[in-house]
Amino acid sequence: MLFPLRPNSTIGIIGGGQLGRMLAESAAKMGFRTLILEPKADSPAFQLSNQNIQAAYDDITALSELAKKCDVVTYEFENLSLESAQFLERLVPLFPPSVALEKAQDRLLEKQFLEEKGALVAAYHAISSVDDLMAALADCGDGILKTRRLGYDGKGQKIVLNHISTDEAQSSLSDIGRGPYIFEKLINFDLEFSLIATRSYAGDVVFFDPAINYHENGILRRSVVPGNIHHISKNNAQELANNILRSLNYVGTIGIEFFAIEDNIMVNEFSPRVHNSGHWTREACNVSQFDQHIRAIVGLALGDGRRHHDCEMVNLIGDEGKDVANYFEKPNSFVTLYGKTESRKGRKMGHVTYLI
Ligand code: ADP
Ligand code: MG
């Protein structure tokens, strides 16, 4: 492939949600065309892209067409099957590379990989039976049971308390969906923060300022920047991010979630894509996480992602996305809506960034 790609080259994006939509916006701004692969009609990203293919993510015919029509392919979520990613990778440049998906889409492999890279993670056990769960509880005390795959926004997970009966343990397993599962010790952290970084095709790495994140029911509610994050934690987080990115030969934006306990950090998980806790970069930085991702995957130099405002990002969840006119009255608030017509409980409909 000839890098950097020329203007009007086509970027394929797998996944038609809000992340794909905001990637398409950044791509258009830089003079690239986008083609979205997504099974659902009228998806947020279809509305702002040049072309789309409405088909299942693992539809081989659709993936072949995508590879043929695009100069580079990326994805907005980590649940593209590894087989599909590897199939695509043989036909067209795919960024981030499939190995990043492999490590991120299974919580057990993810923890093992993070430990190899020197990260501290919550004590964990692989769980495939109720006996495994009882043994994990006896070892760690209270914890969180999670499906190893396909969980997001707190879905596919449940807090399990020590001393529950075998029957209760059994129903916890069936409640959260299909196994295999992972059990993680419940961490009593001081705060949660995330670090968004981008690695270019040439191997340069740039960081955004870390954001402090507040979750409600497992869903991100607010991100605040700057946060009161110990400078040692910030440095350690950046060093770890560098290790992760280099070892995956990564190209693109990554989001890494941390728990902070005093000046110690523990990695919760990472996402090989742009991240909800980095949406504020669209308004508070000259170059956003979406811009950096597009620059990276087309082989352009990364931009200056320094923050020019303190800010807070608030997600609009469910019905909160309906009456938004009042946000427009505040000069420092910036609303992004994702174009979703149906609001469901827990569904992310948009977000507001307040510049301070
Ligand atoms: P998701 O993929 O749904 O984002 P996470 O593993 O990030 O799943 O969990 C969602 C939220 O649940 C986290 O941001 C954190 O607030 C809480 N959480 C997850 N794992 C733990 C843990 N081991 N200890 C304490 N809280 C946790
Ligand atoms: Mg998370």
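A quick note: this is a predicted structure, and the numbers were derived from the prediction, not measured. (Residues numbered from 1 in each chain as written. Chains lettered and ligands numbered in written order. Predicted model: local features only at pLDDT ≥ 70, side-chain atom pairs only at ≥ 80, totals over all residues. Heavy atoms only, no water.)

The next subject is the coordination of the magnesium ion (ligand 2). Donor atoms from the polypeptide that bind the magnesium ion (ligand 2) are Glu257 (OE), Glu257 (OE) and Glu269 (OE), placed at 2.0 to 2.7 Å. With Glu257 in strand β13 (residues 252-261) and Glu269 in strand β14 (residues 264-271), the pair connects residues that are twelve residues apart, well separated along the chain. Since its relative accessible area comes to 18%, Glu269 is described here as buried. (Donors = N, O, S within 2.8 Å, 3.2 Å for Na, K, Ca; no water. Helix = DSSP H or I, 4+ residues; strand = E, 2+ residues; numbered from the N terminus. Buried < 20%, exposed > 50% of the residue type's maximum accessible area, 1.4 Å probe, protein only.)

Time to look at helix α7 (residues 166-175). Regarding α7, the residues found buried are Ala169, Ser172 and Leu173. Down the axis of α7, the buried side of the element spans an arc of 100°, and every buried residue falls inside it. Residues Asp167, Ser174 and Asp175 are exposed on α7 and point more than 90 degrees away from its buried face. Looking at the buried side of α7, the elements it contacts are β5 (124-127), α6 (130-140), β6 (143-147), β7 (157-160) and β8 (181-185). At the exit of α7 stands Gly177, carrying a positive phi of roughly 110°. (Arc of directions from axis to C-beta. Contact = heavy atoms within 4.5 Å.)

This part is about the side chain of Ser43. Counting through the fold element by element, Ser43 comes out in the loop between β2 (33-37) and β3 (51-53). Taking relative accessible area as the criterion, Ser43 reaches 3% and is therefore assigned buried. When sequence neighbours within four positions are dropped, the list of residues in contact with Ser43 reads Gly16 and Glu38.

This paragraph deals with the packing of helix α1 (residues 18-29) against helix α10 (residues 289-298). Across the interface, α1 lies against α10 with an axial gap of 9 Å and an inter-helix angle of 65°. With respect to their mutual orientation, α1 and α10 come out roughly perpendicular. Taken as a pair, α1 and α10 cross one another with a handedness that is right-handed. Residues Leu19, Met22, Leu23, Ser26, Ala27 and Lys29 of α1 form the contact with α10, whose participating residues are Phe290, Asp291, His293 and Ile294. Grouping the constituent residues of the contact of α1 with α10 by class yields six nonpolar, two polar and two charged. (Axes fitted to C-alpha atoms, helices over the stretch in contact; angles between N-to-C directions. Parallel < 35°, antiparallel > 145°, perpendicular 65-115°, else oblique. Left-handed = near helix turned anticlockwise from the far one by under 90°. Nonpolar A, V, L, I, M, F, W, Y, C, P; charged D, E, K, R; others polar.)

Moving on to the site of ligand 1. In the neighbourhood of ligand 1, 19 residues make up the surrounding shell, with Lys146, Gly154, Glu192, Asn268 and Glu269 lying closest. In the environment of ligand 1, an oxygen atom lies 3.0 Å from a nitrogen or oxygen atom belonging to the side chain of Arg107. Between a nitrogen atom of ligand 1 and a side-chain N or O atom of Glu184, the distance comes to 3.1 Å. In isolation ligand 1 has 540 Å² of accessible area, and contact with the protein removes 90% of it. (Near = heavy atom within 4 Å. Polar contact = N/O pair within 3.5 Å; in protein donor to acceptor, adjacent residues only side chain to side chain. Areas by Shrake-Rupley, 256 points an atom, 1.4 Å probe, with all protein chains shown as cover.)

Moving on, we get to the sheet that holds β3. Spatially, four strands are ordered β3-β2-β1-β4 in an open sheet, and the strand pairing comes out parallel. Both edges of this open sheet fall to β3 and β4 (72-75), since each of them pairs with a single strand only. Taking the axes of each pair of neighbouring strands and ignoring which way they run, one obtains an average angle of 25° across the sheet. Against the sheet, helix α2 (residues 60-69) contacts β1 (10-14), β2, β3 and β4, and its axis sits at roughly 175° relative to β2. (Pairing = 2+ DSSP bridges.)

The next subject is a nonpolar patch on the surface. Residues Ile159, Leu161 and Leu186 make up a contiguous nonpolar surface patch of roughly 260 Å² in combined accessible area. If you trace the backbone, Leu161 turns up in the loop between β7 and α7. (Patch = residues over 30% accessible without salt bridge, like charges linked within 9 Å, V, L, I, M, F, W, Y side chains within 5 Å. Salt bridge = Lys/Arg side-chain N within 4 Å of Asp/Glu carboxyl O.)

Another point: the pairing of β6. Among the five residues that make up β6, five are buried, leaving the element largely enclosed by the rest of the structure. Alternating positions in β6 separate into two faces, Gly143, Leu145 and Thr147 on one and Ile144 and Lys146 on the other, with burial throughout. Note that β6 and β8 share five bridges and pair antiparallel. Bridged to Thr147 within β8 is Tyr181.

All of the buried residues in α2 are Ala62, Leu63, Leu66 and Ala67. Buried residues in α2, looked at end-on, bunch into an arc of 135°, giving them a common side. In α2, the exposed positions that point more than 90 degrees away from the buried face belong to Thr61 and Lys68. In the core, the buried residues of α2 are packed alongside β1, β2, β3, β4 and α3 (82-89). The opening residue of α2 is Asp59, an N-cap whose side-chain oxygen sits 3.0 Å from the backbone nitrogen of Thr61.

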